[in-house]
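Results of the structural survey
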Amino acid sequence: MDIQHDIDIEASPPDVWAILSDIPGYARWNRSMQLTLDEEGGDFVTFGVAAATEAGTPHQWRLAGKLRPFREPEQVSWWLGVRGVLGLGMVFDLESQGVKTVVRFSLKIRGFAAPFARRRLVRLLTGAMAGTLRDLKRAAEGGKFRSRPETAARLRIKKPKRRFR
């Protein structure tokens with residue numbers, strides 16, 4: 001595990017699962033990162049997160065990937081990058097504790113370039129992962145999604161070209 005964040009949510013696991021398994025709905029509740037399904041269909045996704053350079057210049061970071069099969073109601077995960085070169089495995093694990101749900105969001109960095117990119121990726125994604133869990137907690141406990149216009153999200157994220165399938 002390269003990064004791992006946990007959060008306790010005062011909502012039932014089926015309620016949290018309903019939010020996490022609705023990938024097209026991420027734009028309604030998640031302000032920290034964007035995960036969108038590919039327009040071509042299937043299980044291809046684009047992951048986006050706002051970042052800043054060391055000089056403070058804002059930048060939108062994007063990477064193409066693929067959803068892994070869901071393990072209902074305990075895991076939602078996806079893989080980003082190019083296998084063997086640099087890959088990011090991102091996983092939401094749900095654990096029931098009565099009427100409460102513990103959600104663990106973890107990141108694994110793998111591949112040939114991982115030792116060179118690990119420090120920067122950890123610095124880039126730590127805040128976004130923690131923010132995503134806070135947004136999930138607010139959505140699950142409050143039952144209200146903070147709505148964002150879909151057109152604005154599409155303007156911010158340009159789909160990367162896929163070289164490999």
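**Concerning the confidence of the model for the protein**
- Confidence in the prediction of the protein, expressed as mean pLDDT, is 84, and 85% of residues score 70 or more.
- The secondary structure element of the protein with the lowest average pLDDT is helix α4 (residues 150-156), at 39, and the one with the highest is strand β7 (residues 100-110), at 95.
- Contacts of residues 145-158 to residues separated by more than four positions or lying in other chains number 25 contacts, the stretch itself having pLDDT below 50.

**Comments concerning the sheet that holds strand β4 (residues 58-67)**
- With antiparallel pairing, 7 strands are arranged side by side in an open sheet as β1-β7-β6-β5-β4-β3-β2. What marks the edges here is a single partner per strand, and that holds for β1 (3-9) and β2 (33-37). The mean angle between the axes of side-by-side strands here comes to 25°, regardless of whether they run parallel or antiparallel.
- Each of β1, β5 (75-82), β6 (86-97) and β7 is contacted by helix α1 (residues 13-20), which is oriented at about 155° to β6, the strand it contacts most.

**Brief notes about the pairing of β5**
- With 6 of 8 residues buried, β5 is to be regarded as a mostly interior element.
- As judged from the 3 bridges shared by β4 and β5, these two strands associate in the antiparallel manner. Note that in β5 the partner of Gly65 across the bridge is Leu80.
- With 8 bridges joining them, β5 and β6 adopt antiparallel strand pairing. Opposite Gly81, over in β6, you have Gly87 as the bridge partner.

**As for the pairing of β2**
- When β2 meets strand β3 (residues 44-52), the two strands line up antiparallel, connected through 5 bridges. Within β3, the residue paired with Thr36 across the bridge is Thr46.
- The loop that links β2 with its antiparallel partner β3 comprises 6 residues; one of these, Gly41, has a positive phi angle of about 95°.

Reading the values: rules and limits
- Residue positions are counted from 1 within each chain, in the order its sequence is given.
- Totals for whole chains, interfaces and linings use all residues, but because this is a predicted model, local features are given only for residues with pLDDT of at least 70 and pairs of side-chain atoms are given and counted only at 80 or more.
- The side-chain figures draw on all heavy atoms in the structure; neither hydrogens nor water molecules are used.
- pLDDT measures the predictor's confidence residue by residue and takes values from 0 up to 100.
- By the criteria applied, helices consist of DSSP H or I runs no shorter than four residues and strands consist of E runs no shorter than two, each listed in order from the N terminus.
- Contact criterion: two residues are considered in contact whenever any of their non-hydrogen atoms come within 4.5 Å of each other.
- Here, any two strands with at least 2 DSSP bridges between them count as paired.
- Whenever a helix is involved, its axis is fitted only over the stretch in contact; in every case the axis is a line through C-alpha atoms, and angles between N-to-C directions fall within 0 to 180 degrees.
- Burial classification: accessible surface area is computed with a 1.4 Å probe over protein chains only, and a residue below 20% of its type maximum counts as buried, one above 50% as exposed, and the rest as partly exposed.

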